[in-house]
Amino acid sequence: MPFLTTAGVLAVGLGAGLSGQATPCGRNAMFAVVGRAGSPTPERVKQLALYGLGLTMGAVLMGSVLVGMNVGLRTLIPAARLPIAGLGVLIGLAYIILPLAGVSLRVPTSQWVVPRSWGHQGSALFALKFGVVLGMGFLTIVPFAGYYLLVIVLLLVPPELPLWGMLTFAGARWLTAAVSTTSAIIAEQAGYNVTHVGLSRGLGPIDQFLPVLRTVSLVAGLALAGLSVL
């Protein structure tokens, strides 16, 4: 069970993180990392590294909060774990079953986006701050209910797992930026416009498999929420 629990947490984090590239902030973050057409490759690598550092910082911050809440629930109000698990099961079932019936469910979300004015502070700081914000997951647009399921699951699983779950989420977000950066460099070398061809081509495989990844993460989260209180 410990192995399956860990694998389930990583699956939920992966699906939630990869879904982040479908948001305005997710796309803007990629442009912030990739930079303008013709940007030197070393500069892009530095931007990518700083963005990754920011994502890690945001994920560790959010993960630490969830660890504290997880331990608090276990020690102070263990009875609250059952309704939290029930909420996770309901979210999982709703977003798995209702779309099959043609019902489109909106995801509750913030509409805040990272201000463009942050870019005036320099591209390096911009990439770092972008990463911190997106690494927490909830401050900007949440496109996928799997993020909320991830948070619920991390409140219920053993307390050593919330940090790993959030770091997986952040790592998946970084992966999309890494793919975009690599694709942009290749596209520019082939003479294409980086802002159009490089990013869209690079994210094509992720977009293609994203529906399957989302379903897997929802199923994993549903199972973890349901089994956590047994």
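Check the entry above for the structure.
No experiment lies behind these values; they were computed from the predicted model shown. (Residues numbered from 1 in each chain as written. Predicted model: local features only at pLDDT ≥ 70, side-chain atom pairs only at ≥ 80, totals over all residues. Heavy atoms only, no water.)

We now examine the packing of aromatic side chains. A full pass over the atoms with the stated rule returns three aromatic pairs. Judged by centre distance (5.1 Å) and plane angle (50°), the rings of F126 and F130 are tilted. Placement of both F126 and F130 in helix α5 (residues 123-136) is noted, with a separation of four residues, approximately one turn of the helix. Owing to a relative accessible area of 15%, F126 belongs among the buried residues under this scheme. (Phe/Tyr/Trp six-rings, centres within 6.5 Å; stacked < 30°, edge-to-face > 60°. Helix = DSSP H or I, 4+ residues; strand = E, 2+ residues; numbered from the N terminus. Buried < 20%, exposed > 50% of the residue type's maximum accessible area, 1.4 Å probe, protein only.)

As a further point, take the nonpolar core. In this structure, Y51, Y147 and M166 are the most contacted members of the largest nonpolar core, which totals 46 residues. Of all elements in the fold, only α1 (2-19), α3 (41-75), α4 (81-97), α5, α6 (146-156), α7 (162-189) and α8 (194-227) reach the threshold of two or more residues within this core. With nine residues, the top contributor of residues to this core is α6. If sequence neighbours within four positions are ignored, Y147 has contacts with A16, M62, M136, G137, F138, V142, M166 and F169. (Core = buried A, V, L, I, M, F, W, Y, C linked by side-chain atoms within 4.5 Å. Contact = heavy atoms within 4.5 Å.)

Within the secondary structure, L55 is located in helix α3. Setting aside its immediate chain neighbours within four residues, L55 contacts G131, V132, L134, G135, A170, R173 and W174.

What the rule picks out here adds up to one salt bridge. With a shortest N-O distance of 3.7 Å, E43 and K46 are connected by a salt bridge. Here E43 and its partner K46 are both found in helix α3, three residues apart, which amounts to about one turn of the helix. (Salt bridge = Lys/Arg side-chain N within 4 Å of Asp/Glu carboxyl O.)

Glancing now at the environment of A79. You can see A79 is positioned in the loop between α3 and α4. For A79, a relative accessible area of 65% translates into the label exposed. Sequence separation between A79 and V229 is 150 residues, and the spatial gap between their C-alpha atoms is 9.9 Å.

Time to look at the layout of surface pockets. Within this model, the second largest pocket holds a volume of roughly 320 Å³. Y95, P99, F144, R214 and L218 are, among the 15 residues lining the second largest pocket, the residues nearest its centre. If you list the elements that add at least two residues to the lining of the second largest pocket, you get α4 and α8. Sorting elements by how many residues they give to the lining of the second largest pocket places α8 first, with four residues. The residue makeup of the lining of the second largest pocket, split by class, is twelve nonpolar, two polar and one charged. (1 Å grid on protein atoms, 1.4 Å probe; cavity = no way out; pocket = protein on both sides within 12 Å on 5 of 7 lines; lining within 4 Å. Points joined across faces, edges and corners; volume = space filled by probe spheres on them. Nonpolar A, V, L, I, M, F, W, Y, C, P; charged D, E, K, R; others polar.)

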